[in-house]
Structures are given as C-alpha cells and as structure tokens.
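Chain by chain, the residues:
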Amino acid sequence: MTILAGAPRTSREGLFERVIAMLDMVRSIPDDLSDEESEGVIALMPPDVAETLEGFLNPRVRRASIAYLKMIGKWMDEAREAKETGKKVILVPFNFVPELIHAFENAVPLTSEVLTSLGAGAIEGKGHRYWDYAMGLGIPDHLCSSSTIELGSMLTGQDFEADAIVSSTAGACDANSKIHEFVAHYLGIPQFILEKPVDDTERGREQFRRNFYRLVSNLEEYIGEEISEERLRDVVENCNRAAELHYQLWELKKNVPCPVPNLFSFFVYGCRFTMWGRPEAVRCMEVMVEESRRRLEAGEYPAPRELARVGWLYVGYYIDYNGLFNWMEEQGYSYLFDVLDLFFPDPIPTDSRETMLDGVCEAARRFPMTRQMGADSMSVAWIDDAVHMCREMNANCGIYCGHHACKQTWSVISIVQKELMDRIGAPTLCLQGDAWLSGMTPMSRLQGDIDEFMKNVVIKRRRVHRPLR
Amino acid sequence: MTVTTSALEEAVRVSEAVENEYVKRWKEGGGQVVGYSCVTTPPEIIDAAGLLPYRIRALGNPNTEIADAHLARFNCSFCRSCLQLGLDGTFDFLDGLIETNGCDHLRGMFENWQYVKPVAFFHYVKVPHQTTPEAMEYYTEELRLFAKALEAGFGTKVTRPKLKKAIERQEAVRSKLREVYAMREGDAPSFTGTEALSLFLLASAMPADDYLALIDRVIDERSGTGITGYRARLMLCGAATDELELIGEIEDVGGLVVTDSLCYGARAFWKPIRTDLEPIEALAELYLKEMLCPRMYEDFPRRRDFVIDEVKRAGVDGVMVMHNKFCDVHGVDNVQLRLSLEKEGIPVLQLEKEYGSKADIGRIRTRVQAFLERIGDRS
C-alpha cells in the first residue's frame, strides 16, 4: 500500500499509539496532584497537549480528570494486550453498548469516536493528519470526523488495527454506517451490523431485539465463546451501579448554580462509551459524584453568578476542552447536558442470562443518536428528549453545535429550534463548525458566538421572562 | 400546415413537466395521485389501490429558496430542490405522500414537508438496511401495512388479484425500459442518454397503460436507427440524477451515455420480478433483496459486480461516478467503486457536484472533456 505524503510512517505515529503514549505520562501522575506539580506537568508538554491538560488539570476537575484518564489508559492497555494475547479487538461506534463486548472473556471493545476525541483534543496536530489521509483516498470531506479521524489512522495500515467492526449506526447515521462499511471492506475485516429500525412501535422494538440477538450469536461465533451468565452478571451489576451514580449526578445538576463542572458531561459519556460494566467506570463515576457533592456543600461555582443553564442539543466540541467546557462555566454558563448524556439507563434485572441480555438490548435501543435519529420521526424524538431535559434541568436555552457531518440533525434542526421556543420558551443558538476538526471554526469564534447569544438573548430574556429557580 | 411530432419527441416533451398532461388528465377523471421518492417503494401497491404512483422529481430545478429555510446547506441539493417544489405548490396535485428512509437527507425532506405543508395522506414505509431473514420478514410486513394504509386512507381495497394485475402492468413497464437500455448496447445506440432518462422519468409519472402505448411507438420508431460519431461510451453511476440538462452537457462534449446504475435509472428496473412467489413476497424480494443502492450497508460487492458486468455488456469506455455534495451513501460508495474499477483497469471519473446548479456545469464540462481526452476517441 502506498503511504501518502504526511501519513504516519510507523505504528508509533498512528493515533492509537500516540494517544496511549500521552496516557502513559498521565498514569504516573499521583491522584492528589498539587497545583505546583500540575503546572510543572503542563510545562513539559507540547502546546496542543498542554492546552488540553491545562483544562483537565484545572483544580475544579483535576481529581475526576485523573480518574477518567487512568480509566481510559486501562481501556487502551486492554486493547493492546488483547492483540498480544490473541483476544479479539472489536471496534465499536459511540452508540453501541460496550458492556456487551466486556461480557466476553476473549474480546475487548475499542470505541472509535472516543479515540478521535482524545486525539483531537490531546495530541500534537490534533489528529488532522489522519483525516487528511482519508481525504487522500477520496473519502468526501462531508463525512464525520468523529469516526473518520480514528478510522483514517487505521486505513493507513500503520496503526493499531481492530479485528472486526460492530456498526450500530444503521438507521441513525448514514455517514458512520458508510465509513464502517468502507473500512471493513478496505481492510478485509468482518463487519457486524446492529440495525435500529426507524420504528418505535412494539413491532419495531421486537425487530431490534431480534437484530440484537442475531448480533450476539454472530459475535459468539466469531469470538469463539458463549457469553457466560456469571461474567455477564458481573458486568451488569457494574452497569447498574454506574447507572445509579449517573442519576445522582443528574440530581446534583438540578441545583442552581450547577455544582457539577461542565467537563463532567464529557467524562460521563466517556465512561459510558468505553468501560461501562467495569469497576473502573464505576470508580470514575463515584469520583465525579463525590466532587460535585463537595462543591455543592461548599457552594463553589467558578463565576460570580450562574447566568445561563444550557442544554447542548446535540454534541459538543472536542477540539479544545479548556476553551469550551471550562471557559463556559467561568463565564457563568453551565453546560448541563448534551445529547450524548441522554442514555437514560434502567436497572437491569440480573435474574438470568436472558433478562440481562434483554436489559443490555434495551440500553442499546435507547442509546444517544440511536434513540433520536433512529426514531420513527427524528424531529419528534429529538424534541421530546430536548424538551424533557431542558425542563428537568431548568435549562433556559439550547445550543446546537452544527457539526458539519450531521446531515440528519441539520435536516430537522429548524423544527427543533422552533418547537423548543414554542413549548418552553428556550431560544436555540445554531453554531457551525466541526466538533473534532479544529481547523474548521476556531474556538475563539465559537466562544464569541456563544457569548453574544448569552448576553444579547438569553440573559435579557431571563430578566424579563424566566428567572432561574 | 400540420406539424407531425414523433413519439420520442412527445415523450421527451411530456417528461419535462412535473405535472404533465397525463397526470392532469388522470386528475380530471377523478383519479388520485400518490407521490413517492425512493426506489425502495413498490409503485405496484399504489397502482393496485387504483391510485397513480408518481415518483417525485426536481428535474434539475436550481431554486431552493423556500426549502433552505427548513433544510440546511449541509443537506443534499436534490432533496432541497424537491422540498422546494413541495412547498412552492408545484406538487399540490399529490393526494398522498410516501416516505421511506432512503437516506438521512430524504428523511429530513419528508419531515419538513409534512411539518410545513402537510399532504392529506402520509405514510412511512420503513426499509431495513440489510437483507437478513429478519429484515426480509420485517420489510414484507411493512409492505402489507403499506397496502392497508392506502386502503384506509383512500377507501379502496388492495386485493390479491388487483396486486397481481398491478405487478404485471409495472413489470411490463420495466421490461420496456430494459428493452430501451438493450437498444443502447450496440455500436450505434438507438437512444442518447438524455432520451433514455426522459423515457425513464416518464415511466413513473403517468398511468402504466398510457406509458406502454407510448413507449411501443417510441421503440418502433427508433428500431434500426443508430447514433454514431460520438467520442466515447460512458456509464453513469451514483446519486439521484434526474437532470436531463446535465446528461445533455456530458453528451454535448462527445460522451455518449449508454448505460447506468442510477437511482433514476437501471437500479429501478434491472431485475425482473419473480413469478413463483406470493405477490407481496415477490415485491419484498425485488425492492429489498435485489436493491442495488448504497443505502444497503453490506452489499458493496454486488453493486460493484453489477457495474463491471454492465461495462462489459454495453461496451463502456469509461465510468463516471457522481454524487451530490453532502450525499454520504454515494460519496463513500463511489470511492470504493472507483478503487475497484481502477483495479479492473476500467477508467473512472469521480465527480462531486451540486444538483441542478448552472454554476457547476462549466466545471463538469471541463472534467468530462479531460476524461474523454484520457480514455480515447472512437470518432
């Protein structure tokens, strides 16, 4: 295979290895890093890495960040070890239940969008070279960078390669489904599809269940192992514990000002998409709850007042964590949730293998993006969730990130924007940019747009119409 | 003085109108018209309900001013163009609208259409992206529900005999289109690509019986005639292309389009329907299992093989793969297709374009001219 100019030349230059090298450094950081030590660590890093670490090591979020990065380090180590020990590495998209793969003794999940997010935020060059490689093959520039950056790295043939792909975006996202198909075909690795019918009737649910059980049996055959009830129970019990903690965080977020730092939203779904079902995710969630409680009791909030409570209607931006999440709360704008937080986990009965698999299946059906864009009507399902969450969280505005590749959300955002205003009086800011490519719209421009919207629309409206509780 | 018009001229003229004279006559006679867009919608079921199936088209309409207030610039311009015609009243003659989840843009188009200007009858046929036994069962049931919805909405009955009759009628139409395509295979094809597209478009915009009468005249008229003097024989692949003008431009610079695997083209009629199955099962088989659309996420090898076979069958010199900007399903599939065809030594031109854009025509002409230079000159 010909490597294009600018493409990585050795496996050490692939996205996976570069992210894991960055995490290797984090692993040596003590859990109780002091401010002085934190400054020292940041000073040693190249600029792109330093920028992200500065955000992650901010005293407000430091403890949770270290727990999160250590969890991610463990998750990636397991993928690397799996390769060495003959286990299967299954590449999964963000809208797939990783606990299903954790239930196998001989397989591990690797989530492409999480790797991309780490790369886009935390490695030098922000993952652009892998995107460029994919573009060099002719992949259209309107594809989704969240998957294409990591998969572009795999396409070079010089990076860590998964053994198989699970594609669970059929029904909810063409862009992802097509790149999964392309990569599987290009690399000659198997692809297993979990399709969510665009049908939320009982028949549609049953069809999803049939598709899910077919996937389980296909994976069992491919991995060469039947999921054991005992191992599945361990996994599900951890899922249930993490779900409890998830709802505790939700409750904490209802306080004004919000005691849950903005960045925790990202960490929560980072847990959900990687180590859900494992003790490491439970521990990370516990740290976030503990920190948020402590901040509530201490009355800590980074701005003099909470000026706006924001529901991000789809995804956020992952090109500059400090510049978005931390900056917002320093202005008094609380990032209460984005769509990736909306996975609404139910407790899963652990009575039998079937009750547990049914529970995991239902969790998969209700995953972010699957539940909205894979619904009978994209706009209706999305509006229902957005209205419900804005009410629950007392959000007084919405922001749509306008990620270029999200054709399905772009196609109905005008309806969502109007309905959100009509039903709960919440105005929505529509931004434009790429959530994972920093070269598209700079963070400074996004900050400017957000600030202008808050000052000219949200805060003025709040004074007149709708005071925060 | 009496001016005699050939059957082909008549067909081309009629195909250039969205609400053509046959549709008007059908409506004047008390008939009702049901619009659908995606090639996974069986018109046979609409036909069996006594309604006129009409495939939504934009015919290269470049104006999207009203639609752009609803869909975004990141949505494909074909869907924006169709929505425009839906909202500006051009499609007011439709009594019903059938949505399918053909692609993300199409879903958005239907949702906005129904949100802004609801059509009296609306039904959503949910089409799986796989052909597993479970998917086939689900889709077969979807088609049954589709028939029931039409019965309830229009107070009609889709009986087994009516469905069989409609299948025969629509299969006769498809068979004639296959005949038209076969007449393009020889060294001196009987139709240009533009004429063939007109004949295709007409097939899904008028009553089948009228179409069969007209197409027979066209075929008779063109039998034994042939086009010569072209520079190269081209095959078109890719996204929704009902742009007569675009194909005219390609042919204007010397490339003769002799076959395709387009959504508004061969993809809709290439395979005869099976007669050994129950009608509804035969439709499910034809419209899902045999579907050559990149919305099916496991079927690339079948799509590739179809194109390679067509290249051989129609003596194609070069393949043009096109997609409308922001079309993910064709945008990615076209890359795979280009790589595969190049491996087979087949010249390929991959084009990304804006639907119906006059501004894009000059660029496309240049690219096609360069491609023709590259693949040689038959003339």
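Residues numbered from 1 in each chain as written. Chains lettered and ligands numbered in written order. Predicted model: local features only at pLDDT ≥ 70, side-chain atom pairs only at ≥ 80, totals over all residues.

Colleague: Explanation requested: the overall build of chain B in the structure shown.
Modeller: From N to C terminus, chain B includes 14 helices and 8 strands. Whereas a compact globule of 379 residues would reach a radius of gyration of roughly 21 Å, chain B reaches 20 Å, a difference of no more than 12%. In terms of overall dimensions, chain B has C-alpha extents of about 60 × 50 × 45 Å along its principal axes. The buried share of chain B, reckoned over its 379 residues, is 56%. For chain B, the proportion of contacts with a sequence separation of at least 24, taken over those separated by at least 6, is 74%. (Helix = DSSP H or I, 4+ residues; strand = E, 2+ residues; numbered from the N terminus. Rg over C-alpha atoms; globule rule 2.2 N^0.38 Å. Buried ≥ 20, exposed ≤ 12 C-beta atoms within 10 Å, placed from the backbone. Contact = placed C-beta atoms within 7 Å.)

Colleague: Would you mind going over the environment of T228 of chain B with me for this structure?
Modeller: By the secondary structure assignment, T228 of chain B is in the loop between helix 9 (208-222) and strand 5 (232-238). As for T228 of chain B and P189 of chain B, which are separated by 39 residues in sequence, their C-alpha atoms are 7.8 Å apart.

Colleague: Is there a simple way to think about the interface of chain B and chain A in this case?
Modeller: A common way to express how large an interface is: the accessible area buried when the components associate. In this complex, chain B contributes 36 residues to the contact, which on the side of chain A involves 38 residues. Looking at the side of chain B that touches chain A, the elements that each hand over two or more residues are helix 5 (104-116), helix 6 (133-154), helix 13 (328-343) and strand 8 (348-353) of chain B. Top element by residues in the side of chain B that touches chain A is helix 13 of chain B. It accounts for 8 residues.

Colleague: Can you help me understand the environment of E330 of chain A in this one?
Modeller: Residue and element names in this part refer to chain A. Here E330 is to be found in helix 14 (residues 321-331). Among the residues examined, E330 registers 15 C-beta atoms within 10 Å and is labelled partly exposed. As for E330 and P302, which are separated by 28 residues in sequence, their C-alpha atoms are 5.2 Å apart. If we skip the residues at most four places from it in the chain, E330 touches P302 and A303.

Colleague: How do you make sense of the environment of L277 of chain B when you look at a structure like this?
Modeller: Residue and element names in this part refer to chain B. Relative to the helices and strands, L277 is located in the loop between strand 6 (255-260) and helix 11 (279-289). C-alpha separation for the pair L277 and L212, spaced 65 residues apart in sequence, amounts to 25 Å. When sequence neighbours within four positions are dropped, the list of residues in contact with L277 reads A282 and E285.

Colleague: It is not clear to me how the pairing of strand 7 (residues 397-400) of chain A should be interpreted in this structure. Could you clarify?
Modeller: Moving residue by residue along a regular strand, the side chains alternate between the two faces of the sheet. Residues and elements named next belong to chain A. Neither face of strand 7 is left uncovered, since the one carrying C397 and I399 and the one carrying G398 and Y400 both have all their residues buried. Bridge count between strand 5 (residues 308-312) and strand 7: 3 bridges; the pairing is parallel. Bridge assignment links G311 to a residue of strand 7, and that residue is G398. Examined bridge by bridge, strand 7 and strand 8 (residues 428-430) share 3 bridges and lie parallel to one another. By the bridge assignment, G398 is partnered in strand 8 with T428. Crossover strand 7 to strand 8 through helix 18 (residues 407-424) is right-handed. (Pairing = 2+ DSSP bridges. Right-handed = clockwise from strand over helix to strand, strands pointing away.)

Colleague: Hey, could you run me through the sheet that holds strand 6 (residues 333-337) of chain A in this one?
Modeller: Two strands in a sheet stick together by hydrogen bonds in their backbones, pointing the same way (parallel) or opposite ways (antiparallel). All names here are of chain A. Read from one edge of the open sheet, 4 strands run 6-5-7-8, paired in parallel fashion. One side of each edge strand has no neighbouring strand; the edge strands of this open sheet are strand 6 and strand 8. On average, each strand axis in the sheet is tilted by 30° relative to the strand beside it, whichever way the strands run. (Axes fitted to C-alpha atoms, helices over the stretch in contact; angles between N-to-C directions.)

Colleague: Would you mind going over unusual backbone geometry with me for this structure?
Modeller: Leaving glycine aside, a negative phi is the common case for residues, and trans is the common case for peptide bonds. Residue and element names in this part refer to chain A. Residue P257 is bonded to the preceding V256 through a cis peptide linkage, with omega at -5°. Positionally, P257 belongs in the loop between helix 11 (229-253) and helix 12 (263-274). Here K126, not a glycine, exhibits a phi torsion of approximately 55°, which is positive. Since 24 C-beta atoms lie within 10 Å of it, K126 is described here as buried.

Colleague: Looking at this structure, I do not really get the sheet that holds strand 2 (residues 52-55) of chain B. What am I missing?
Modeller: Residue and element names in this part refer to chain B. Within the open sheet, the 4 strands sit side by side as 2-1-3-4. Their pairing is parallel. Edge positions in the open sheet fall to strand 2 and strand 4 (121-125), since each of these has one partner strand only. Ignoring strand direction, the axes of neighbouring strands in this sheet form an average angle of 25°. Note that strand 1 (residues 33-36) and strand 3 (residues 96-100) share 3 bridges and pair parallel. Bridge pairing in strand 3 places G35 opposite L97. Relative to strand 4, helix 6 is tilted by about 175°, and along the sheet it contacts strand 3 and strand 4.

Colleague: Where do I start with the confidence of the model for chain A in this structure?
Modeller: Detailed reading of the predicted model is not advised wherever pLDDT is low. For chain A, per-residue confidence averages 93 on the pLDDT scale, and residues scoring 70 or more make up 96% of the total. Within the model, the stretch residues 1-10 of chain A combines pLDDT values under 50 with 19 contacts to residues more than four positions away or in other chains. (pLDDT = per-residue confidence, 0-100.)

Colleague: Would you explain helix 10 (residues 244-252) of chain B in this entry?
Modeller: Residue and element names in this part refer to chain B. Along helix 10, the positions that sit buried rather than exposed are L246, I247, I250 and E251. Take helix 10 and look down its axis: the buried residues cluster within an arc of 135°, on one side only. For helix 10, the secondary structure elements touched by its buried residues are helix 8 (193-203), strand 5, strand 6 and helix 14 (358-375). Directly beyond the C-terminal end of helix 10, a positive phi value near 110° is found at G254. (Arc of directions from axis to C-beta.)

Colleague: When you look at the nonpolar core in this model, what are you seeing that I'm missing?
Modeller: Among the nonpolar cores identified, the biggest contains 290 residues, and F267, C271, C284 and M288 of chain A together with L234 and V319 of chain B are the most heavily contacted of them. Once residues within four sequence positions are removed from consideration, C284 of chain A is found in contact with A67, Y68, M71, F267 and C271 of chain A. (Core = buried A, V, L, I, M, F, W, Y, C linked by C-beta atoms within 7 Å.)

Colleague: How should the pairing of strand 5 of chain B be read in this particular structure?
Modeller: Residue and element names in this part refer to chain B. In terms of residue burial, strand 5 counts as a mostly covered element, since 7 of its 7 residues are buried. Covered by surrounding structure in strand 5 are A232, L234, L236 and G238 together with R233, M235 and C237, the residues of both alternating faces. Sheet topology places strand 5 next to strand 6; 5 bridges connect them, and they run parallel. The residue of strand 6 that forms the bridge with L234 is V257. Bridge analysis of strand 5 against strand 7 (residues 318-324) gives 5 bridges, and the strand direction is parallel. Residue pairing across strands places M235 opposite V319, the latter belonging to strand 7.

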